[in-house]
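Working through the structure, step by step
Chain by chain, the residues run as shown.
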Number of protein chains: 2
Amino acid sequence: MLKPRTKLYINEVATRDGFQNEAQFVETEAKVALVNRLSRCGFAKIEVTSFTSPKAIPALRDAEAVMFQIARVPGVVYTVLVPNVRGAERALSCGVDEVNLVMSVSESHNRTNLRMTREQSFAQLSDVVSVVRETNVAINVSLSTAMGCPMEGDVPATEVLGWMQRFADIGVHGITLCDTTGMAFPSQVGDLCRRAAEAFPRLELTLHFHNTRGMALANTLAALDAGIVRFDSSLGGLGGCPYAPGATGNVCTEELVHMLELDGYDTGVDLSGVIEAAKLLPDLIGHDVPSQILKAGQRLALHPMPAI
Amino acid sequence: MLKPRTKLYINEVATRDGFQNEAQFVETEAKVALVNRLSRCGFAKIEVTSFTSPKAIPALRDAEAVMFQIARVPGVVYTVLVPNVRGAERALSCGVDEVNLVMSVSESHNRTNLRMTREQSFAQLSDVVSVVRETNVAINVSLSTAMGCPMEGDVPATEVLGWMQRFADIGVHGITLCDTTGMAFPSQVGDLCRRAAEAFPRLELTLHFHNTRGMALANTLAALDAGIVRFDSSLGGLGGCPYAPGATGNVCTEELVHMLELDGYDTGVDLSGVIEAAKLLPDLIGHDVPSQILKAGQRLALHPMPAI
């Protein structure tokens, strides 16, 4: 178990991983205002947007505008998703702190999600790495379906470690293990995290959980127990899963921070500020969000005793 | 940590703790059919109903009829809530295996929920214990607000242990520590469970979590880590919290069993059977239930690869 007040690093992904799944376009001004608000909440990192083709993800077609207009707070790492060299060049022109590359460790999911074989993805991302390594911008790789594939089922840990090795070999700085569709369970998480941390002590290792089957916070405990200190989360629990309509998506930032702070960790995140930000989401996206903390309030949000 | 395949004991509480909060009356026949279905799912215990005043809880006004009509499966403990001696006599006349008594460890919640001081509750429940100890029926006490009170806030562990001692002294067999409004967090759960198990090694200790703030499964991990093997849960996540409208209630049976079985524990519960039973709930109660497993399916409920 980690020591009390261990420093944790939270990466807020709602404006990228959340908004990209939303039918309703969030206006550029509103995106900028939300990122600015999140920048003042104490997150270690914010995944702002994605430099993908505007045709592929119209929801994030304003990537440059958002990156140029936000008021960047020193100390916060501003990261963006980048699918290819063209995207990397666009991102670099905006002065991002980090690029985040994505591929799946299962062939079926990679082909479905990215319309390429894994080898094609790796070749394309290697080209991105070559370009970005010429700069002082950090490189993270998010490995999807690292704890299970919704089409193939179990994904062997050796497969995950193998892809980590290939990216480590070409010089990326960090790797995020993504439970893309909420298939991870605690003992599996603990085992994979221990093996990954032992094999790659110099990589920044981040865990990305979904709450699809209710286990996101339990899986977080298991990862903490294995020494993991970096986590992705999404304001309001935004971020869907096309394979489980109606199911919750990414682990909810305010639920994650609420638990971690109660357990004595130092997330650096201002929970009240996060909750105020989450309250803005339903208006921005046109529907309710799965956050339990928004509905129930913080643990010590007490109620008056009713008249008897 | 418990050993792999450790036997766990799950108490299904939906027909009592769940239905008592529902506006729509569930017909006696439907209650009996549901209990019968749950009886075949491998639960260690089922909290069938409550022998409270029909005026106080009209939803469970058919307690005798349900108890007499269900087809009891040998090995399953059929327990019922009993508030007073009158209720105990009614329950005993139905041949229940166990009575479950309830009071809160915080004064405000006890006065709000039961309209008595804690001392009045204890005196009343002591009378019940005297009556039931003359029989071979087991006695469990559920201590509400054991991990926080929605009106008073933190509840000291010493207060909880003090009430456990008073009930241990009058000879009850088991005590359930209830996180009535979802205020528990993992490190608190671990600490309280360790202290309770150490102080009362001969009491059957059960944990009752709510998912109000998303932490029910994380708290379950913390309890397991402290050696707890008995858990309450509610089909579909039924069971509300009047202080957090819209928030989820009791920990969802199918989410709990799903995680525990993946983690290698032996719950004895047939998860597929439970899921089939949970699917019946929306028709019975007239609204959707918060179960994530109902929406997303089990972890290895795989999806075909879409045509590309």
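The following refers to the structure shown. (Residues numbered from 1 in each chain as written. Chains lettered and ligands numbered in written order. Predicted model: local features only at pLDDT ≥ 70, side-chain atom pairs only at ≥ 80, totals over all residues. Heavy atoms only, no water.)

So, the nonpolar core
Using the following cut-off: Working definition of a nonpolar core: buried Ala, Val, Leu, Ile, Met, Phe, Trp, Tyr and Cys residues. They are joined through side-chain atoms within 4.5 Å. Each residue is placed in one exposure class: buried if its accessible area under a 1.4 Å probe, protein chains only, is under 20% of its type's maximum, exposed if it is over 50%, and partly exposed if it falls in between. Note on definitions: a residue-residue contact is assigned when non-hydrogen atoms from the two residues lie within 4.5 Å.
In terms of nonpolar packing, the biggest core is built from 196 residues, with Met164(A), Leu177(A), Met164(B) and Leu177(B) touching the most fellow members. Every residue in contact with Leu177(A), bar those within four places of it in the chain, is listed here: Leu143(A), Ala146(A), Met147(A), Val160(A), Met164(A), Leu192(A), Ala196(A), Leu205(A), Thr206(A), Leu207(A) and His208(A).

A look at the sheet that holds strand 1 (residues 9-12) of chain B
All names here are of chain B. Our working definition: Here a strand pair is declared whenever DSSP counts at least two bridges between the two strands. Strands are runs of DSSP state E lasting at least two residues, helices are runs of H or I lasting at least four, and both sets are numbered from the N terminus onward. To obtain each axis, a line is fitted to C-alpha atoms, and for helices this fit is confined to the stretch in contact; angles are then taken between N-to-C directions over 0 to 180 degrees.
Strand order in the closed barrel made by the eight strands is 1-2-3-4-5-6-7-8, with parallel pairing throughout. Pairs of neighbouring strands in the sheet enclose a mean axial angle of 25°, with direction left out of account. Two strands pair when backbone bridges link them, and strand 2 (residues 45-50) and strand 3 (residues 77-81) are joined in this way by five bridges, in the parallel orientation. When the bridges of strand 3 are listed, Ile-46 appears paired with Tyr-78.

With respect to the side chain of Asp232(B)
All names here are of chain B. Selection rule: Positive charges come from Lys and Arg, negative ones from Asp and Glu, while His and the chain ends are left out of the count. Between Lys or Arg on one side and Asp or Glu on the other, a salt bridge is scored when a side-chain nitrogen of the former is within 4 Å of a carboxyl oxygen of the latter.
Relative to the assigned elements, Asp-232 resides in strand 8 (residues 230-233). Buried and without a salt bridge, Asp-232 has Lys-45 as its closest oppositely charged side chain, separated by 6.5 Å. Contacts of Asp-232, omitting those with residues within four sequence positions, involve Asn-11, Val-13, Thr-176, Thr-206, Leu-207, His-208, Val-251 and Leu-256.

As for the pairing of strand 8 (residues 230-233) of chain A
All names here are of chain A. The test is simple: Handedness of a crossover is defined as follows: orient the strands so they point away from the viewer, and if the path from the first strand over the helix to the second runs clockwise, the crossover is right-handed.
Direction of pairing for strand 1 (residues 9-12) relative to strand 8: parallel, over a ladder of four bridges. Within the sheet, the bridge partner assigned to Tyr-9 lies in strand 8 and is Arg-230. As defined by bridge partners, strand 7 (residues 204-208) adjoins strand 8 across three bridges and the pair is classed as parallel. Looking across to strand 8, one finds that His-208 is bridged to Asp-232. Regarding the hand of the β-α-β motif, the stretch spanning strand 7, helix 9 (residues 216-225) and strand 8 is right-handed.

A few points about the sheet that holds strand 2 (residues 45-50) of chain A
All names here are of chain A. What the eight strands build is a closed barrel, ordered 1-2-3-4-5-6-7-8; its pairing is parallel. Ignoring strand direction, the axes of neighbouring strands in this sheet form an average angle of 25°. Bridging between strand 6 (residues 174-178) and strand 7 involves five bridges; their strand directions are parallel. Pairing of Gly-174 across the sheet is with Glu-204, part of strand 7. Helix 10 (residues 253-262) rests against strand 1 and strand 8 of the sheet, and its axis sits at about 145° to strand 8.

Re the pairing of strand 6 of chain A
Residues and elements named next belong to chain A. Of all the five residues making up strand 6, five are buried; the element is thus mostly covered by neighbouring parts of the structure. Alternating residues of strand 6 divide into Gly-174, Thr-176 and Cys-178 and Ile-175 and Leu-177, and every residue in both groups is buried. Inspection of the sheet shows strand 5 (residues 138-144) paired to strand 6 by four bridges, in the parallel sense. When the bridges of strand 6 are listed, Leu-143 appears paired with Leu-177. As a crossover connection, the stretch from strand 5 through helix 7 (residues 157-169) into strand 6 is right-handed.

What about the relation of the copies chain B and chain A?
Stated precisely, the cut-off is as follows: When the copies are overlaid, the least-squares fit takes in C-alpha atoms only where the residue has pLDDT of at least 70 in both copies.
The transformation that overlays chain B on chain A combines an axial shift of 0.0 Å with a rotation of 180°, and the residual RMSD is 0.0 Å. The operation mapping one copy onto its partner corresponds to a two-fold rotation axis. Scanning chain B for the C-alpha nearest the rotation axis identifies Ala218(B), at a separation of 2.0 Å. A shared interface surface links the copies, since 100% of the contact residues of chain B are contact residues in chain A too.

Considerations on the packing of helix 9 (residues 216-225) of chain B against helix 10 (residues 253-262) of chain B
Residues and elements named next belong to chain B. Inclusion rule: Any angle that falls under 35 degrees is termed roughly parallel, while one over 145 is termed roughly antiparallel, one within 65 to 115 roughly perpendicular, and all others oblique. Crossing chirality is assigned from the near helix's rotation relative to the far helix, an anticlockwise turn below a right angle marking it left-handed and a clockwise turn marking it right-handed. When residue character is reported, Ala, Val, Leu, Ile, Met, Phe, Trp, Tyr, Cys and Pro are called nonpolar, Asp, Glu, Lys and Arg charged, and the others, Gly included, polar.
As a packed pair, helix 9 and helix 10 sit with axes 11 Å apart at the nearest point and diverge in direction by 50°. As judged from the angle between their axes, helix 9 and helix 10 are oblique. Once helix 9 is placed against helix 10, the crossing between them reads as right-handed. On helix 10, the residues that touch Leu-217, Thr-220, Leu-221 and Leu-224 of helix 9 are Glu-255, Leu-256, Met-259 and Leu-260. The residue inventory of the contact of helix 9 with helix 10, partitioned by class, reads six nonpolar, one polar and one charged.

Digging into the interface of chain B and chain A
For the record, the criterion: Buried area: the sum, over both parts, of the accessible surface (1.4 Å probe) that disappears when the two are put together. Identification of polar contacts relies on pairs of N or O atoms within 3.5 Å, with a donor-acceptor requirement for protein atoms, meaning one able to donate a hydrogen and the other able to accept it, and with residues adjacent in sequence counted only if both atoms are side-chain atoms.
Each side of the interface is counted separately: chain B has 51 residues, and chain A has 51 residues. Roughly 4100 Å² of surface becomes buried between chain B and chain A when both sides are summed, with 62% attributable to carbon and sulfur atoms. Considering only the surface of chain B that becomes buried against chain A, Arg213(B), Arg299(B) and His303(B) emerge as the three largest contributors, covering 19% of it. Applying the counting rule to chain B against chain A returns two salt bridges. A salt bridge links Arg299(B) to Asp154(A), with the nearest nitrogen and oxygen atoms 2.6 Å apart. At the boundary of chain B and chain A, one finds 16 residue pairs in polar contact (both at pLDDT 80 or more). Elements that contribute at least two residues to the side of chain B that touches chain A include exactly helix 5 (107-114), helix 8 (186-199), helix 9, helix 10 and helix 13 (292-296) of chain B. By residue class, the composition of the side of chain B that touches chain A is 26 nonpolar, 16 polar and nine charged.

Looking at the packing of aromatic side chains
In this description, a pair of aromatic rings is defined by centroid distance and the angle of the planes. Residues and elements named next belong to chain A. We apply this condition: Ring pairs shown here join Phe, Tyr and Trp side chains whose ring centres sit within 6.5 Å, with only the six-membered ring taken for Trp; geometry is labelled stacked below 30 degrees between planes, edge-to-face above 60, and tilted in between.
Evaluated as defined, the whole model comprises four aromatic pairs over all chains. A centroid spacing of 5.0 Å and a plane angle of 70° characterise the contact between Phe-122 and Phe-167, whose relative ring orientation is edge-to-face. Remark: Phe-167 occurs in helix 7 and Phe-122 occurs in helix 6 (residues 118-132); sequence separation between them is 45 residues. You'll find Phe-122 and Phe-167 in the same group, each marked buried. Members of the aromatic cluster, connected to one another through ring pairs, are Phe-122, Trp-163 and Phe-167.

Details of the pattern of salt bridges
Enumeration according to the criterion identifies 32 salt bridges over all chains in this entry. The closest approach of N and O atoms between Arg5(A) and Asp266(A), which form a salt bridge, is 3.9 Å. Of the two residues, Arg5(A) sits in the segment before strand 1 while Asp266(A) sits in the loop between helix 10 and helix 11 (271-278), which places them 261 residues apart along the sequence. Taking relative accessible area as the criterion, Arg5(A) reaches 48% and is therefore assigned partly exposed. Judged by its relative accessible area of 24%, Asp266(A) is partly exposed. Linking Arg90(B) and Glu64(B) is a salt bridge whose minimum nitrogen-to-oxygen distance equals 2.8 Å. Here Arg90(B), found in helix 4 (residues 85-93), pairs with Glu64(B), found in helix 3 (residues 63-69); they are 26 residues apart in sequence, far enough to count as distant. Accessibility expressed as a relative area gives 11% for Arg90(B), which makes it buried. A relative accessible area of 24% places Glu64(B) in the partly exposed class.

Notes on helix 6 (residues 118-132) of chain B
Residues and elements named next belong to chain B. Basically, it comes down to this: Between the first and last residue of a helix there are one fewer steps than residues, each counted as 1.5 Å, and that sum is the expected span. Directions drawn from the helix axis to the C-beta atoms are what define this arc.
Over its 15 residues, helix 6 extends 21 Å from the first C-alpha to the last, a length consistent with the 21 Å expected when each residue adds 1.5 Å. If you check which residues of helix 6 are buried, you get Arg-118, Ser-121, Phe-122, Leu-125, Ser-126, Val-128, Val-129 and Val-132. Take helix 6 and look down its axis: the buried residues cluster within an arc of 160°, on one side only. Against helix 4, strand 4 (98-104), helix 5, strand 5 (138-144) and helix 7 (157-169) lie the buried residues of helix 6.

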